[in-house]
Amino acid sequence: MTRTVRTTPPPHHPPLRRSLGVVDGVALAASSTAATTSVGIGMGALAATVGAQAPAILIVAFLPILGIAAAYARLSRDEPNMGSGYVWVGRSLGPWLGFLTGWVTLVGTVIFMAYTSAVTGSVVLQFAGKAGLHEAAGLRLDPNSTALSTAVGLVVLVAVTVTAVTGVRKATRFQTWLLVFEYAVLLGFCGMALVTGDHSFDWAWLNPFAVEDGTAFAKGLVLAVFFFWGWDAAFAVAEETRDVRDVGRGGFIALLTMLALFLYGAIAFQRELSVPELIAEGPQGLTHLGAMLADEPWATLPLLALMCSAVASLQSSVIPTARGLLAMGRDRTMGPVWTRVSPRFGSPAVGTVLVMSIAAAVALLALAIPKLNEMILAAVNSIGLTVALYYGLTALACAARFRPLLRTAPGQALRAVVAPGLAGIALLGIGGYLGYSYLTQSDHFELSPDNGWFMLTVPAAVIASGLVMAAVAKYGRRSPYFVRGQSAAASPVPSAASAVSAPLPAPPTGPVETARPADSQNPSH
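Definitions and limits used
Residues numbered from 1 in each chain as written. Predicted model: local features only at pLDDT ≥ 70, side-chain atom pairs only at ≥ 80, totals over all residues. Heavy atoms only, no water. 1 Å grid on protein atoms, 1.4 Å probe; cavity = no way out; pocket = protein on both sides within 12 Å on 5 of 7 lines; lining within 4 Å. Points joined across faces, edges and corners; volume = space filled by probe spheres on them. Helix = DSSP H or I, 4+ residues; strand = E, 2+ residues; numbered from the N terminus. Nonpolar A, V, L, I, M, F, W, Y, C, P; charged D, E, K, R; others polar. pLDDT = per-residue confidence, 0-100. Contact = heavy atoms within 4.5 Å. Buried < 20%, exposed > 50% of the residue type's maximum accessible area, 1.4 Å probe, protein only. Salt bridge = Lys/Arg side-chain N within 4 Å of Asp/Glu carboxyl O. Core = buried A, V, L, I, M, F, W, Y, C linked by side-chain atoms within 4.5 Å. Expected span 1.5 Å × (residues − 1). Bend = angle between axes of the 7 residues up to and from the residue. Phe/Tyr/Trp six-rings, centres within 6.5 Å; stacked < 30°, edge-to-face > 60°. Axes fitted to C-alpha atoms, helices over the stretch in contact; angles between N-to-C directions. Parallel < 35°, antiparallel > 145°, perpendicular 65-115°, else oblique. Left-handed = near helix turned anticlockwise from the far one by under 90°. Polar contact = N/O pair within 3.5 Å; in protein donor to acceptor, adjacent residues only side chain to side chain. Patch = residues over 30% accessible without salt bridge, like charges linked within 9 Å, V, L, I, M, F, W, Y side chains within 5 Å. Areas by Shrake-Rupley, 256 points an atom, 1.4 Å probe, with all protein chains shown as cover.

1. Overview of empty space enclosed by the protein
No. 1: Throughout the structure, instances matching the rule amount to six cavities of 30 Å³ or more.
No. 2: As a volume, the largest cavity reaches approximately 340 Å³.
No. 3: If you list the elements that add at least two residues to the lining of the largest cavity, you get helix H4 (85-92), helix H5 (95-130), helix H12 (301-330) and helix H14 (372-401).
No. 4: For the lining of the largest cavity, the per-class residue count stands at 11 nonpolar, 14 polar and one charged.

Here you go:
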């Protein structure tokens with residue numbers, strides 16, 4: 001017995017404009033990773049987890065991330081698509097895992113945008129305090145107030161969304177200038193700390209085996225992976241890049257730059273501050289360092305650099321999220337509203353505004369956590385597990401797709417199969433171990449970043465909601481992503497990049513009749 005499934009292609013929309021080069025990819029990836037924010041705000045959390053071995057954990061975390069980067073670069077050459085992991089995992093491992101990859105990426109980014117909005121607001125309020133403005137309309141401008149920081153941060157989020165809507169090229173150029181300033185400040189002040197610090201450099205800082213607690217090591221590793229998270233934003237604009245080879249180049253350049261900045265910053269902080277001091281300062285670490293090393297007005301420069309980093313990170317998060325939803329929309333796994341491209345700006349304007357609105361709603365919900373520091377820790381801990389999941393699945397998809405190279409081209413197989421496969425297994429294993437540790441560290445549920453059940457519930461809820469949405473896409477929307485087992489083709493890419501597998505066929509121009517046994521499984525990829 002057979003059944004007939006009719007699928008209708010989505011309506012035609014203007015294509016995205018191909019205007020980006022390698023510098024734009026580097027700017028987008030580096031802004032999304034937000035090295036200045038990670039160093040200035042996250043080093044306290046990392047030190048609280050692994051102590052003085054923060055530099056060592058960053059190096060260990062970079063190894064699987066390098067394997068993930070190799071997977072992204074190879075998959076992007078083979079199949080450039082703004083949907084990236086959602087498309088690649090769907091073809092190689094199956095549409096359910098592919099949709100889940102896309103979903104956790106999008107939800108994780110939206111949560112991060114809500115977290116970064118509060119951080120940005122806190123930085124703005126700190127700057128207001130430096131300028132002598134401590135009250136407004138009878139309201140105390142407290143940078144540690146989650147509610148006030150969120151409100152100010154949402155104003156900034158609206159502003160950067162407007163710039164993202166008007167064109168990705170303008171946005172990346174704006175991000176480039178922000179990066180130049182913030183990196184100059186970060187390099188300068190950390191350089192001073194390296195030279196003048198009272199704490200002697202210790203080679204034990206680079207020894208990961210000095211972390212004796214396995215759970216602390218796993219938590220630190222996931223936190224460190226979260227530090228690197230964002231370099232893959234360059235792959236979300238593959239269909240807006242003039243040469244697809246520039247996508248991988250931009251991602252690798254940004255990733256290597258991040259490693260250098262993270263190690264430079266981590267060692268500099270520990271030269272100037274003891275581990276207890278670093279933990280105590282928490283998200284105020286970079287501004288505290290500036291106050292220790294310079295007098296006003298120069299001591300305010302780290303605060304300005306932190307503000308630039310947070311603003312650039314917000315903007316670079318909006319851009320790839322809207323494009324990921326556009327890729328899902330044209331497969332009808334998400335609604336058609338996400339496929340609308342502005343004829344004037346050549347960008348998914350409606351989707352970009354909707355992403356901003358959803359992130360704002362999440363930020364307002366996060367007000368249930370009273371302290372900004374607790375909000376930061378809760379967001380970082382919960383997102384780290386989902387990041388490990390979708391990076392791991394994408395790496396395994398690369399290994400599965402190119403496994404024939406093990407027989408035909410062993411040299412290429414090391415980069416396309418072995419390295420991504422090991423990296424994917426490592427990240428999924430660490431994520432699983434950390435999830436188990438969260439499950440066993442508490443005996444009750446509490447809305448607190450220190451409660452293991454809460455830390456496990458957040459990513460579990462994200463995954464469960466993804467499975468529900470996948471079922472809606474398959475059975476409700478009758479998405480061809482599930483019926484034919486493939487994503488809609490991206491627009492042609494002007495590059496002679498080599499490919500192992502054939503490119504995806506173009507979407508059909510009319511209804512498609514697909515006959516298959518009623519009780520058969522989805523076709524494999």
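2. Brief notes about the confidence of the model for the chain
Do not read the fine detail of predicted coordinates wherever pLDDT is low.
No. 1: Looking at the chain as a whole, the pLDDT averages 82, with 86% of positions reaching at least 70.
No. 2: Low pLDDT, under 50, characterises residues 1-8; the predicted model gives this stretch 25 contacts beyond four residues in sequence or across chains.
No. 3: In this model residues 492-525 is a low-confidence stretch, pLDDT under 50, and it forms 76 contacts with partners more than four residues away in sequence or in other chains.

3. Some points on H4
No. 1: Extensive coverage of H4 is indicated by the burial of eight of its eight residues.
No. 2: Just past H4, the residue Gly94 takes up positive phi, approximately 120°.

4. With respect to unusual backbone geometry
Most peptide bonds take the trans configuration, and most residues that are not glycine carry a negative phi.
No. 1: With omega at 5°, the peptide bond leading from Glu296 into Pro297 counts as cis.
No. 2: The topology assignment puts Pro297 in the loop between helix H11 (285-293) and H12.
No. 3: Positioned with a positive phi, Ala34 is a non-glycine residue whose angle comes to about 60°.
No. 4: Relative to the assigned elements, Ala34 resides in the loop between helix H1 (22-33) and helix H2 (35-50).

5. Some points on the pattern of salt bridges
Opposite charge on two side chains makes pairing possible when the charged atoms of those side chains draw close.
No. 1: The full count for this structure, using the stated rule, is 10 salt bridges.
No. 2: For the salt bridge of Arg173 with Asp24, the shortest nitrogen-to-oxygen distance reads 3.2 Å. With Arg173 in helix H7 (residues 168-196) and Asp24 in helix H1, the pair connects residues that are 149 residues apart, well separated along the chain.
No. 3: Residue Arg173 is classed as partly exposed on the basis of its relative accessible area, which comes to 33%.
No. 4: Residue Arg401 is joined to Asp78 by a salt bridge in which the shortest nitrogen-to-oxygen separation is 2.7 Å. Of this pair, Arg401 sits in helix H14 while Asp78 sits in helix H3 (residues 54-78), placing them 323 residues apart in sequence.

6. As for the nonpolar core
Note that soluble globular proteins tend to have their nonpolar side chains buried in a common cluster.
No. 1: Core analysis: the largest hydrophobic core is formed by 132 residues, its most contacted members being Leu46, Leu58, Phe99, Leu157, Phe228, Trp231 and Tyr391.
No. 2: Among the elements that line this core, the one with the most residues is H5, at 14 residues.
No. 3: Once you skip the residues sitting within four places of it in the chain, Leu58 turns out to touch Met43, Leu46, Ala224, Phe227, Phe228, Leu259, Phe262, Leu263 and Ala266.
No. 4: One finds Leu385, Leu434, Tyr438 and Met455 within the second-largest nonpolar core, a separate group that totals six residues.

7. Observations concerning H2
No. 1: The end-to-end C-alpha distance of H2, which contains 16 residues, comes to just 19 Å, noticeably less than the 22 Å that a straight helix rising 1.5 Å per residue would cover.
No. 2: Of all bends in H2, the biggest is about 55°, found at Gly42.
No. 3: The buried count for H2 comes to 14 of 16 residues, which makes it a mostly enclosed element.
No. 4: Looking one or two places after H2, you find Gly51, whose phi comes out positive at around 70°.

8. Some words on the packing of aromatic side chains
No. 1: Here the structure, examined in full by the defined rule, presents 20 aromatic pairs.
No. 2: Between Phe227 and Phe262, the ring centres sit 5.5 Å apart and the planes meet at 70°, which makes this aromatic pair edge-to-face. Linking Phe227 in helix H8 (residues 214-228) with Phe262 in helix H9 (residues 245-272), this pair joins segments that are 35 residues apart in sequence. Note on accessibility: Phe227 and Phe262 belong to one class, buried.

9. Quick word on the packing of H2 against H12
No. 1: Packing of H2 against H12 brings their axes to within 8 Å, and their N-to-C directions diverge by 120°. Taken together, H2 and H12 sit at an angle that is classed as oblique. The two elements H2 and H12 meet at a crossing, and its hand is left-handed. Contact residues: Thr36, Thr37 and Ile41 in H2; Ala305, Leu306, Ser309 and Ala310 in H12.
No. 2: The residue makeup of the contact of H2 with H12, split by class, is four nonpolar, three polar and no charged.

10. Quick notes on the side chain of Thr333
No. 1: Mapped onto the elements, Thr333 comes out in the loop between H12 and helix H13 (349-365).
No. 2: Looking at Thr333, the relative accessible area reads 0%, which means it is buried.
No. 3: For Thr333, the side chain forms a polar contact with the main-chain oxygen of Met328, separated by 2.9 Å.
No. 4: Once residues lying within four places of it in the same chain are set aside, the contact partners of Thr333 are Tyr86, Phe99, Met328, Ala473, Arg477, Ser479, Tyr481 and Phe482.

11. Section: a nonpolar patch on the surface
No. 1: A cluster of nonpolar side chains, namely Tyr436, Leu439, Phe445, Leu447 and Trp453, defines an oily patch on the protein surface of about 520 Å² accessible area.
No. 2: In this fold, Leu447 is placed in the loop between helix H16 (410-441) and helix H17 (452-476).
No. 3: By relative accessible area, which is 46% here, Leu447 ends up partly exposed.

12. A word on the packing of H16 against H17
Angle between the axes and distance between the axes are the two parameters that describe a pair of packed helices.
No. 1: With their axes 6 Å apart at the nearest point, H16 and H17 run at an angle of 135° to one another. Comparing the axis directions of H16 and H17 gives the class oblique. Along this stretch, H16 crosses H17, giving a crossing that reads as left-handed. On the side of H16, the interface is formed by Gly435, Tyr438, Leu439 and Gln441, while H17 contributes Gly452, Trp453, Met455 and Leu456.
No. 2: Here the residues of the contact of H16 with H17 sort into five nonpolar, three polar and no charged.

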